[in-house]
Amino acid sequence: GAEKNESAGFAISGFVRDDSGDVLKGATLTLFEADKQEEIVAQASSDVTGAFLIEEIEFGRSYSLSAEETYCFPSKIENIDTGNENLEIVLERGAVISGIVVTNNDQPVANAEISAPFYRTDENSSRHSHAKVIRRSISAKDGSFEIIRLRKYRVYDLKILTEKYAETVEER
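Conventions used here
- Residues numbered from 1 in each chain as written.
- Predicted model: local features only at pLDDT ≥ 70, side-chain atom pairs only at ≥ 80, totals over all residues.
- Heavy atoms only, no water.
- Helix = DSSP H or I, 4+ residues; strand = E, 2+ residues; numbered from the N terminus.
- Buried < 20%, exposed > 50% of the residue type's maximum accessible area, 1.4 Å probe, protein only.
- Contact = heavy atoms within 4.5 Å.
- Areas by Shrake-Rupley, 256 points an atom, 1.4 Å probe, with all protein chains shown as cover.
- Pairing = 2+ DSSP bridges.
- Axes fitted to C-alpha atoms, helices over the stretch in contact; angles between N-to-C directions.
- Phe/Tyr/Trp six-rings, centres within 6.5 Å; stacked < 30°, edge-to-face > 60°.
- Lys NZ or Arg CZ within 6 Å of the ring centre and 35° of its normal.
- Salt bridge = Lys/Arg side-chain N within 4 Å of Asp/Glu carboxyl O.

Participant: Could you clarify how one ought to interpret the overall build of the protein chain in this entry?
Facilitator: When helices and strands are counted, the protein chain shows 1 helix and 13 strands. Each helix and strand of the protein chain, ordered N terminal to C terminal, gives the series α-β-β-β-β-β-β-β-β-β-β-β-β-β. Considering the protein chain as a whole, with its 172 residues, one finds that 33% of them fall into the buried category. Look at the contacts in the protein chain between residues 6 or more apart in sequence, and 57% of them connect residues 24 or more apart. Of the roughly 11,100 Å² of accessible surface on the protein chain, a fraction of 45% belongs to carbon and sulfur atoms.

Here is the structure:
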């Protein structure tokens, strides 16, 4: 109605970078009302300079903003007020393991499942729980694969499963 239109028209803007300072093009920014995390208010993407602009939002409300990019870990900022200009969002870039799955006579293997299981420690928990997490990839026709959003400075035991070949594990 007309009442909502009068209070709309405010914006939240800023820049998205990774933890080494490089701008992140194509990051997805999602705005939620602070008390209703399941209701998306607006979405935007960062441009080639890392800039984003979310317009036409209501004044006087508190929002939370999540930011995601393919190779980075997602992040959320709580309690953002309308009219907030030049937010600086820094996303941690994850490690990437990439390679090619081949047979013992160097033929590429398509549709192999490559997994990198690891345990994540939850420091926020009173019991320091360890949750098993598995990042996966499926090899392309040329055998290539890429596992993204891994924690840096860890050793991963890759597990490779295929339909026709025996399972092999190689440490990286």
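Participant: Would you explain the sheet that holds strand S5 (residues 62-68) in this entry?
Facilitator: Strand pairs in the sheet, formed through backbone hydrogen bonds, run parallel or antiparallel to each other. If you trace the 4 strands from one edge of the open sheet to the other, you get S3-S2-S5-S6, paired in antiparallel fashion. If you trace the sheet from one side to the other, it starts and ends with strand S3 (36-45) and strand S6 (75-81), each paired once. Strand-to-strand twist of the sheet, defined as the mean angle between neighbouring strand axes without regard to direction, takes the value 30 degrees. Relative to S6, S5 runs antiparallel, the two sharing 5 bridges. In the strand pairing of S6, serine 66 is matched with lysine 76.

Participant: Help me out: how do you make sense of the sheet that holds strand S1 (residues 10-18) in this one?
Facilitator: One open sheet accounts for 3 strands, arranged S4-S1-S7; its pairing is mixed. A strand with exactly one partner marks an edge of an open sheet, and here the two such strands are strand S4 (51-57) and strand S7 (87-91). Neighbouring strand axes in the sheet, compared pairwise and without regard to direction, differ in orientation by 30 degrees on average.

Participant: Which parts of the structure should I look at to understand the packing of aromatic side chains?
Facilitator: Centre distance and the angle of the planes are the two values used to describe a pair of aromatic rings. Throughout the structure, instances matching the rule amount to 2 aromatic pairs. When the centroid spacing of 4.7 Å and the interplanar angle of 35 degrees are considered together, the rings of phenylalanine 10 and phenylalanine 59 count as tilted. Here the residue phenylalanine 10 occupies a position in strand S1, and phenylalanine 59 occupies one in the loop between S4 and S5, the gap between them amounting to 49 residues. Under the relative-accessibility criterion, phenylalanine 10 is labelled partly exposed at 33%. Judged by centre distance (5.6 Å) and plane angle (90 degrees), the rings of phenylalanine 118 and tyrosine 156 are edge-to-face. Taken as a pair, phenylalanine 118 in strand S9 (residues 113-121) and tyrosine 156 in the loop between strand S11 (144-150) and strand S12 (157-161) lie far apart in primary sequence, 38 residues in all. With respect to burial, phenylalanine 118 and tyrosine 156 carry one shared label: buried. Taking the ring centre of phenylalanine 32 as reference, the NZ or CZ of lysine 76 above it sits at 5.1 Å. Between arginine 151 and the ring centre of phenylalanine 73, over which it is positioned, the NZ or CZ distance is 3.8 Å.

Participant: Any chance you could explain unusual backbone geometry here in plain terms?
Facilitator: In most cases, non-glycine residues show a negative phi, while peptide bonds are predominantly trans. Despite not being glycine, glutamate 56 has its phi angle at roughly 60 degrees, a positive value. Locating glutamate 56 in the fold gives a position in strand S4. Glutamate 56 gets classed as exposed once you look at its relative accessible area, which sits at 61%. The residue asparagine 111 is not glycine, and still its phi comes out positive at about 60 degrees. Among the structural elements, asparagine 111 can be located in the loop between strand S8 (95-100) and S9. For asparagine 111, a relative accessible area of 62% gives the class exposed.

Participant: Where do I start with the pattern of salt bridges in this structure?
Facilitator: Two side chains with opposite charge may pair up if their charged atoms get near one another. Evaluated as defined, the whole model comprises 8 salt bridges. The salt bridge partner of arginine 17 is glutamate 88, with a shortest N-O separation of 2.6 Å. Of this pair, arginine 17 sits in strand S1 while glutamate 88 sits in strand S7; the two residues are 71 residues apart in sequence, bridging distant segments of the chain. We classify arginine 17 as partly exposed; its relative accessible area is 25%. Between arginine 93 and aspartate 18 there is a salt bridge, with the nearest N and O atoms lying 2.9 Å from each other. With arginine 93 in the loop between S7 and S8 and aspartate 18 in strand S1, this pair connects stretches of sequence that are 75 residues apart. In this structure aspartate 18 comes out as buried when scored by relative accessible area, which is 2%.

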